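Observations on chain architecture
Chain by chain, the residues run as shown.
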Amino acid sequence: MPRHGESRRTAPAESVSPLDVALWCAAQGWPVHPLAPGRKTPAANCDTCPPAAHPPQGCPCVADGRWCHGFHAATTEHARLSAWWGAQPAFGVGVSCGPAGLVVLDVDAHSAEVPDRTRLLPGITIHEQVNLEGLASGFDTLALLAAYRKQENPAEDGTTLRVRTPSGGLHIWYQTPPSAVRYRSSTGSSPKVALAWQVDVRATGGYIVAPATRTTAGTYVPVGAARLPAPLPEWLAAELQRTGHAVPEQPAHPPVPAPRRVAKPDSTAAHHLLGPLLAEVEGCAAASHGASFTEKLNRAAYTAGGLVAAGHLTDSGARDLLTSAADAARPHQSHRSLAVITSALSAGLNRPLHLKGRT
C-alpha cells in the first residue's frame, strides 16, 4: 500500500464506472465489496441468507469467492472484482476499513434532536458557560472536540482525503500503519462507545462508501486537493483510545486452557429462534410507517445478545444478521438502526439465553 505522499494517483472521477472505482481502491490495498445498485448497503447474493439467517462464517458464497455478507467478502483480487462487477455493473463500491487499515470519521448533518451537553462529547465535561446555541450536527461536535484539544478541526484537514456525502455529511479518511493499534467502529449516538455526537467511526468491523460511488441520493464526491488518506493524527488516536475504540490485542501465544467437557454451541437452534424475529424486522419493508420496526429490531437484537452471551452465535455474526435485516426494511436509516442494534445487543449480553434441549 503506498504511504501518504508517495503516490498522488488521482482518485476516480465522478464519471468513471463502478468497476474502475473498485479497481482503483484495490490498487491502494483496500479490500472492496459490492453495494446494492443505487444504495449504500451491501449487495445480497444467495437467496437463503435472510431466511436462514446464517452467519458469514458458514455462508457458501463467501467460501466460494462470491459477494455476500458485505465486508466479510471484501477482496483486492482484480480478477474477482472484474467478475463481480461484470455480473452487475451497477453495483456500488464499499471499502472494508479494518483490513485496509483505515479509520474514517463519518460526520453526519442529519436533522436530529440535540441531546444534553453531557452526551455531546463522551467523557468530556462541557461547562455551562460554554454557549452551545446553534449546535446542530456532527460538524459542530467535531469542531468542539478539536477546540477542546487545541487541534485543527479534521473537517478542515486539507492534507487527507475527504468525501462529501449526498446527505451533506463528510467522510474524513485516515490511514494507520500495519503495526498500529486497531480501532473498532462506532456510532455517535452509542451510549457505550462513541467519539462525538453525530460523528460515527468506521474502522474494524465496518465499511465506508468509496469516493465517486453513485446512489439514488447522489454521488460521494472528494473535496479539496488530497486524494489519499493522511496518517491518523496522534491526538485523534489518543481520543479513540480514551473513548474505548481500541481493539485489545490478542496474545502472540495464548495460554492453552486445561481440557474440559463443554457442550457444542447449538447454532442451528439459535438460528431457528432468531430467524422468525429477523423475518419480522424484514417484513417492515412492506410499510414505511406503523410497522413497529424499532420495537421488532430491538427484540431481535436483545435475543441475539442473549444467544451471543450463551455462546450460540458470535458477536460479529449477530451484528451482520441484524444489520442485514434492518437495512432490508429501512435502507435509509442505517445509522439509527445501528444505534438500536448496539444498545439492545449490549442489554442482551447481560442475559445469556441457553437453548437446552433444542435441536
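Computed from a prediction, not measured in an experiment: that's the story for all the values here.

Description of the confidence of the model for the protein
Residue-level pLDDT values for the protein average 85, and 88% of them are 70 or greater. Low pLDDT (under 50) marks residues 1-9, which in the prediction has 23 contacts with non-local residues, meaning those over four places away or in another chain. Long-range and interchain partners of residues 260-265, a stretch whose pLDDT sits below 50, account for two contacts in this model, where long-range means more than four residues apart.

As for the sheet that holds strand S2 (residues 92-96)
Taken in spatial order, the three strands of this open sheet run S1-S2-S7, and their pairing is antiparallel. Single-partner strands in this sheet number two, and they are strand S1 (32-35) and strand S7 (207-209). Each strand of the sheet is rotated relative to its neighbour by a mean of 35 degrees, with strand direction disregarded. Across the face of the sheet, helix H1 (residues 18-27) comes into contact with S1 and S2 while running at roughly 15 degrees to S2.

Details of the pairing of strand S5 (residues 170-175)
In terms of burial, S5 is largely enclosed, as six of its six residues are buried. By the alternation rule, side chains of S5 split into Leu170, Ile172 and Tyr174 and His171, Trp173 and Gln175, which are all buried. Note: strand S3 (residues 102-107) against S5, six bridges, orientation antiparallel. Within S5, the position partnered with valine 103 by the bridge is tyrosine 174. As paired strands, strand S4 (residues 162-164) and S5 are joined by three bridges and run antiparallel to one another. Across the sheet, residue valine 163 finds its bridge partner in S5, namely histidine 171. Where S4 hands over to S5, the hairpin turn is made up of five residues, of which glycine 168 adopts a positive phi near 95 degrees. With two bridges connecting them, S5 and strand S11 (residues 230-231) associate as parallel partners. For glutamine 175, the partnering residue across the bridge sits in S11 and is proline 231.

Basis of the calculations
Residues numbered from 1 in each chain as written. Predicted model: local features only at pLDDT ≥ 70, side-chain atom pairs only at ≥ 80, totals over all residues. Heavy atoms only, no water. pLDDT = per-residue confidence, 0-100. Contact = heavy atoms within 4.5 Å. Pairing = 2+ DSSP bridges. Helix = DSSP H or I, 4+ residues; strand = E, 2+ residues; numbered from the N terminus. Axes fitted to C-alpha atoms, helices over the stretch in contact; angles between N-to-C directions. Buried < 20%, exposed > 50% of the residue type's maximum accessible area, 1.4 Å probe, protein only.

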